[in-house]
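Summary of structural features
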Amino acid sequence: MASLRAGPTGTTSSPFSSGSSSSDGLLYTPASDRSENDGHSSRPGRPATGALKVQTDFSNDGDRSGSSDDGIDDGYDSYDDFRPSSSRSSHDLLKYTTVEEQQVVKRFDRKLIPFLALLYLLSFLDRSNIGNAKIAGLSEDLQLSSSQYEWLLTAFYITYILFEWMTLMYRLVPAHIYIALCVLGWGLVASFQSLVTSFGALVFLRAALGITEAAFGPGVPFYLSLFYKREELAFRNGLFISAAPLASSFASSLAWVIVKFSDGGPIAPWRTLFLVEGFPSVIVAVFAWFWIPDSPGTARFLDPRQRMIAQLRMDSSSSSSSSSSSSGVTSRRTRTSGAFDWGEVRKTLADPKSYITAFMFFSCNVAFSSMPVFLPTIIADMNNTPQASQALSAPPYLLAFLTVLLTAYYSDRHRTRSPYLIAHALVSATAYLTLALTGLYSSQRTQPQAQAGPTSTINLIRYLSLYPAIAGFFSAITLIITWSMDNRPAGEGKGASVALLNVVGQCGPLLGTRLYPATDGPWVYGFGCCFGGGFEGVVEVGGSAGG
């Protein structure tokens with residue numbers, strides 16, 4: 001059987017000529033000027049098959065069935081592991097069933113998403129364990145003042161914001177190299193915190209930690225858009241982001257175990273905490289190098305035919321999106337040539353919708369950054385003991401975990417974002433308003449009731465209000481991140497959208513981490529700000545034309 005090859009530009013070396021006909025109406029034309037022997041094979045001894053452009057030419061003839069849409073698929077990049085076998089025609093290999101496509105998606109769900117969620121969980125632990133280290137002796141050993149400790153928190157977010165542009169590096173550097181270096185970077189920095197002897201050294205490492213984590217987490221939703229179609233993306237983003245509430249639910253318990261078993265050891269407990277929670281990322285970085293695929297067609301955990309299907313279905317999806325927008329020709333040219341399309345970046349920066357979603361993300365991030373840090377303190381203010389406050393902090397995050405997954409699933413299933421986003425913003429804003437009003441009521445009581453403990457009605461209302469507040473803003477963040485990329489057909493546009501989203505949105509923690517000073521309990525002002533942010537999000541979503 002003749003093999004499929006891309007001949008020189010302007011010629012047709014496919015075995016299927018334009019004059020021949022077949023029952024499916026598929027015409028094969030070269031989309032690359034590479035030949036099998038041009039020296040660009042990624043593996044020694046294996047020829048690189050040239051990329052093919054598959055033109056689908058459906059007519060109304062009665063003998064042609066099996067498809068209902070027409071158009072042009074702008075091709076897929078073939079890879080060295082896939083070669084037509086003699087037992088199957090090339091024509092059959094270019095066709096796949098819905099069942100086969102679903103198997104590929106499930107394979108990514110089982111192999112790629114959990115690993116990325118693990119990486120995010122590790123990064124979330126490494127950024128937040130400074131609070132646990134503080135009460136484990138960090139402040140005393142380094143003689144940190146309250147102002148210096150606040151600078152340690154702020155240094156992380158300053159560099160985290162300044163280096164959000166590194167999301168675009170997912171487009172320039174092979175993903176398995178880039179992600180592995182990011183994980184190695186924050187693992188080393190987090191571990192080096194166990195060696196510091198001064199405030200200056202620690203604030204430098206916290207700033208470096210912000211750079212390494214900014215390079216990874218904010219760009220993962222863009223990276224996932226290379227593997228999942230638009231209608232599949234929100235649920236997978238939800239699976240990834242849900243690692244944050246899971247990390248928050250057991251981070252304190254993990255730190256308690258580490259500190260307890262290292263107390264009285266050869267090194268200070270806070271140093272052990274930094275080392276034990278930081279160094280695993282260094283080990284996982286090695287696995288990331290070999291496990292993370294650069295594209296759907298290079299995933300190690302797929303067999304050759306599944307890799308072909310994974311690449312072809314995404315190229316078809318990109319082709320459909322591109323052909324329906326004015327930037328379609330540019331997008332196809334960019335994928336073919338491999339050049340970085342700065343025009344798509346400029347379009348994203350000039351689009352008002354990009355800034356609307358960015359300010360929505362800012363509003364949600366105020367609550368996202370403040371609640372995990374201050375939740376035990378807020379619950380303790382409800383007349384609970386410190387131990388009970390730690391225990392009562394976990395259930396709201398477990399509910400948030402489940403809510404994020406359900407919201408993302410149904411958003412993908414119904415192929416809409418704005419109704420779910422408005423609903424969660426309203427629910428979260430209402431819960432924060434309840435917290436503010438009940439807090440105001442508590443602060444105005446002159447004589448506390450004798451039974452005013454954790455089971456009192458007012459404190460029960462305050463505690464229960466935390467559940468929809470936390471679940472609401474976590475779910476809203478998941479949808480906002482997905483929504484920001486929905487209308488960007490080109491990879492550069494998606495990357496620029498995520499970068500802009502985070503540059504503006506990550507300013508929220510600069511405000512959020514200062515909403516709950518100890519002197520302002522029960523924090524009517526802080527809850528009021530979060531209510532305002534949620535209500536602002538509802539107005540912005542309702543006034544935009546997205547979704």
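Rules behind the numbers
- Residues numbered from 1 in each chain as written.
- Predicted model: local features only at pLDDT ≥ 70, side-chain atom pairs only at ≥ 80, totals over all residues.
- Heavy atoms only, no water.
- UniProt positions renumbered as here; feature names shortened; annotations may be inferred.
- Helix = DSSP H or I, 4+ residues; strand = E, 2+ residues; numbered from the N terminus.
- Contact = heavy atoms within 4.5 Å.
- Areas by Shrake-Rupley, 256 points an atom, 1.4 Å probe, with all protein chains shown as cover.
- Buried < 20%, exposed > 50% of the residue type's maximum accessible area, 1.4 Å probe, protein only.
- Core = buried A, V, L, I, M, F, W, Y, C linked by side-chain atoms within 4.5 Å.
- Domains from an automatic or database assignment.
- Phe/Tyr/Trp six-rings, centres within 6.5 Å; stacked < 30°, edge-to-face > 60°.
- Expected span 1.5 Å × (residues − 1).
- Axes fitted to C-alpha atoms, helices over the stretch in contact; angles between N-to-C directions.
- Parallel < 35°, antiparallel > 145°, perpendicular 65-115°, else oblique.
- Left-handed = near helix turned anticlockwise from the far one by under 90°.
- Nonpolar A, V, L, I, M, F, W, Y, C, P; charged D, E, K, R; others polar.
- Salt bridge = Lys/Arg side-chain N within 4 Å of Asp/Glu carboxyl O.

Per an unreviewed UniProt entry, the protein goes by the name MFS general substrate transporter and belongs to Aspergillus homomorphus. Taken from UniProt, the Subcellular location (unreviewed entry) comment for the protein reads in full: "Membrane".

A look at the overall build of the protein
A tally of helices and strands in the protein yields 22 helices and 3 strands. Taking the intrachain contacts of the protein between residues at least 6 apart in sequence as the baseline, contacts between residues at least 24 apart amount to 78%. Split by element, the accessible area of the protein, about 24,300 Å² in all, is 60% carbon and sulfur.

A short note on the side chain of S363
Tracing the backbone shows S363 in helix α16 (residues 352–380). When its relative accessible area of 7% is taken as the criterion, S363 is described as buried. Every residue in contact with S363, bar those within four places of it in the chain, is listed here: G533 and E536.

Observations regarding the nonpolar core
A general tendency of soluble globular proteins is for nonpolar side chains to be buried together. Core analysis: the biggest nonpolar cluster contains 115 residues, and F108, L116, F216 and Y432 have the highest contact counts within it. Broken down by element, this core gets its largest block of residues, 14 residues, from helix α19 (residues 457–486). Shared between two domains, this core takes at least three residues from each, and those domains are domain 1 (96–317) and domain 2 (347–445 + 453–546). Dropping the residues within four chain positions of it, L116 is found in contact with I179, F216, V220, Y223, L224, F240 and I292.

Quick notes on the UniProt feature "transmembrane region" (unreviewed entry) in the protein
Taken from the UniProt record, the annotation "transmembrane region" (unreviewed entry) applies to residues 177–196, 202–226, 238–258, 270–292, 355–379, 391–409, 421–441 and 461–484. Between the C-alpha atoms that bound residues 177–196 there is a distance of 29 Å. The span itself is 80% helix and 0% strand. The span residues 202–226 carries 80% helix and 0% strand; its end-to-end C-alpha distance comes to 37 Å.

A short note on the packing of aromatic side chains
Scanning the entire structure with this criterion turns up 21 aromatic pairs. Ring geometry for F156 versus Y160: centroids 5.3 Å apart, planes at 25 degrees, classification stacked. Of this pair, F156 and Y160 are both found in helix α5 (residues 146–162), 4 residues apart, which corresponds to roughly one turn of the helix. Their ring planes at 35 degrees and their centres at 5.2 Å tell us that W291 and F301 sit as a pair that is tilted. Here W291, found in helix α12 (residues 269–291), pairs with F301, found in the loop between α12 and α13 (304–323); they are 10 residues apart in sequence, far enough to count as distant. Residue classification places W291 among the partly exposed residues on the basis of a relative accessible area of 29%. An aromatic cluster is defined as three or more aromatic residues linked by ring pairs; in this entry it consists of F108, Y170, Y178, Y223, F227, Y228, W291 and F301.

A look at helix α10 (residues 230–241)
Here α10 is 12 residues long and its end C-alpha atoms lie 17 Å apart, about the 16 Å a rise of 1.5 Å per residue gives. Of all 12 residues in α10, 9 are buried, a share of seventy percent or more. Turning to α10, its buried residues number three or more, namely E232, L233, A234, F235, R236, N237, G238, F240 and I241.

Points about the packing of helix α4 (residues 130–142) against α12
Direction vectors running N to C along α4 and α12 enclose 140 degrees, while the axes themselves pass 8 Å from each other. Put simply, α4 runs oblique to α12. For the element pair α4 and α12, the recorded crossing hand is left-handed. Across the interface between the two elements, I130, N132, A133, A136, G137, L138, D141 and L142 from α4 touch P269, W270, L273 and F274 from α12. Partitioned by chemical class, the residues of the contact of α4 with α12 number 9 nonpolar, 2 polar and 1 charged.

Side note on the pattern of salt bridges
Within this structure, the stated rule accounts for 9 salt bridges. We note a salt bridge from E232 to R313, for which the minimum N-O separation is 2.9 Å. In this pair, E232 is assigned in helix α10 and R313 in helix α13, connecting sequence segments 81 residues apart. Here the two residues E232 and R313 agree in accessibility, since each one is buried. Among the charged side chains, a salt-bridge network with shared partners connects E101, K229, E232 and R313.

What about unusual backbone geometry?
Both trends apply: most residues other than glycine have a negative phi, and most peptide bonds are in trans. If you check the backbone angles, Q143 has positive phi at about 55 degrees while not being a glycine. With respect to the secondary-structure elements, Q143 resides in the loop between α4 and α5. If you check the backbone angles, N383 has positive phi at about 65 degrees while not being a glycine. The topology assignment puts N383 in the loop between α16 and α17 (386–414). You can call N383 partly exposed: its relative accessible area is 45%.

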